[in-house]
Amino acid sequence: KEASLIYLQVDQFEQLAGRLKDEAIESLIKELAQFIDRQFREQDLLCRFGPAGFVIGLLVRPEEAMVVTQRVAAAARKKVFAAGSATKLTLGAGIAGYPDVQGTAVQYFVAAEIALQQAQSRGRNQIVRYEPAMQARVQAESTVDRPLAAGRRPRGHLRHRRESRSPQWLPPAQAAARLGGRRG
């Protein structure tokens, strides 16, 4: 039953996007995707989520996912990305896993997103593991996964994200191939 979900996001992406052209941003994100893909095992699931995010599913305990995420974030911080005129990046991350979260994939994602929001509120290059004390918020926000009464719309920031871009789970090699890279 070991399972964890990591939600990685490029820190201060809006500022970066304001400095670079769309083509450079897309190349940078593809290069980052290939870099992230090489940091994980073949059996781990990687997908791009939104303009600057990645969701990774691993069959490990949250403690182990935290160690892996810290390693990936440290390596990304040191790397100079060729796309975007030798850009350096930092990553924020939220981690959720069993037994802290039990339920659907949406509940895992919501928990990881809450942890990511906490990480981003602390500043750049922060990684936060979801804690059971956050459960009330997860339950309230995971209602987007339930059918709604006629005419009732889900509340909160998840409504837009849920309707506009749902994650597509792919093995890392397929995800990298879709993003223009190869698994090495």
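Below is a summary of the structure that appears in this document.

Cut-offs used in this document
- Residues numbered from 1 in each chain as written.
- Predicted model: local features only at pLDDT ≥ 70, side-chain atom pairs only at ≥ 80, totals over all residues.
- Heavy atoms only, no water.
- Buried < 20%, exposed > 50% of the residue type's maximum accessible area, 1.4 Å probe, protein only.
- Helix = DSSP H or I, 4+ residues; strand = E, 2+ residues; numbered from the N terminus.
- Pairing = 2+ DSSP bridges.
- Core = buried A, V, L, I, M, F, W, Y, C linked by side-chain atoms within 4.5 Å.
- Contact = heavy atoms within 4.5 Å.
- Expected span 1.5 Å × (residues − 1).
- Axes fitted to C-alpha atoms, helices over the stretch in contact; angles between N-to-C directions.
- Salt bridge = Lys/Arg side-chain N within 4 Å of Asp/Glu carboxyl O.

1. What to know about the pairing of strand E3 (residues 53–58)
With six of six residues buried, E3 is to be regarded as a mostly interior element. Alternating positions in E3 separate into two faces, Gly-53, Val-55 and Gly-57 on one and Phe-54, Ile-56 and Leu-58 on the other, with burial throughout. Inspection of the sheet shows strand E1 (residues 4–10) paired to E3 by six bridges, in the antiparallel sense. Pairing of Leu-8 across the sheet is with Phe-54, part of E3. For strand E2 (residues 45–49) and E3, the ladder comprises five bridges, and the chain directions are antiparallel.

2. Details of the nonpolar core
Core analysis: the largest hydrophobic core is formed by 33 residues, its most contacted members being Ile-6, Leu-8, Val-10, Leu-32, Ile-36, Phe-54 and Ile-56. No other element matches the seven residues that helix H2 (residues 22–39) contributes to this core. Beyond its immediate chain neighbours, meaning those up to four positions away, Ile-36 contacts Leu-8, Leu-46, Phe-54 and Ile-56.

3. Brief notes about helix H5 (residues 105–122)
For H5, built from 18 residues, the straight-helix expectation of 26 Å at 1.5 Å per residue is met to within 8% by its first-to-last C-alpha distance of 26 Å. Inspection of H5 places Val-106, Tyr-108, Phe-109, Val-110, Ala-111, Ala-112, Glu-113, Ile-114, Ala-115, Leu-116 and Ala-119 among the buried residues, and these make up the whole buried set. Where H5 ends, the next residue or the one after it, Gly-123, has phi of about 125°, a positive value.

4. Examining the sheet that holds strand E5 (residues 127–129)
The strand order across the open sheet formed by five strands is E2-E3-E1-E4-E5, and the pairing between neighbours is mixed. Whereas interior strands pair on both sides, the edge strands pair on one side only; in this sheet they are E2 and E5. Sheet twist, expressed as the average angle between the axes of neighbouring strands with direction ignored, equals 15°. Those strands touched by H5 are E1, E2, E3, strand E4 (91–97) and E5, and its axis lies near 145° from that of E4.

5. Regarding the pattern of salt bridges
Scanning the model with the defined rule gives eight salt bridges in all. Between Glu-26 and Arg-48 there is a salt bridge, and its shortest N-O distance comes to 2.8 Å. Of this pair, Glu-26 sits in helix H2 while Arg-48 sits in strand E2, and the two are 22 residues apart along the sequence. By relative accessible area, Glu-26 is classed as partly exposed at 32%. The salt bridge involving Lys-79 is made with Glu-31; its shortest N-O contact spans 3.9 Å. With Lys-79 in the loop between helix H3 (62–78) and helix H4 (83–86) and Glu-31 in helix H2, this pair connects stretches of sequence that are 48 residues apart. Classification of Lys-79 by relative accessible area gives partly exposed; the value is 22%. We classify Glu-31 as buried; its relative accessible area is 16%.

6. As for the environment of Lys-88
Its location among the elements puts Lys-88 in the loop between H4 and E4. Classification of Lys-88 by relative accessible area gives partly exposed; the value is 47%. Considered as a pair, Lys-88 and Lys-78 are ten residues apart in the sequence and their alpha carbons are 7.5 Å apart. If we skip the residues at most four places from it in the chain, Lys-88 touches Arg-77, Lys-78, Lys-79 and Val-80.

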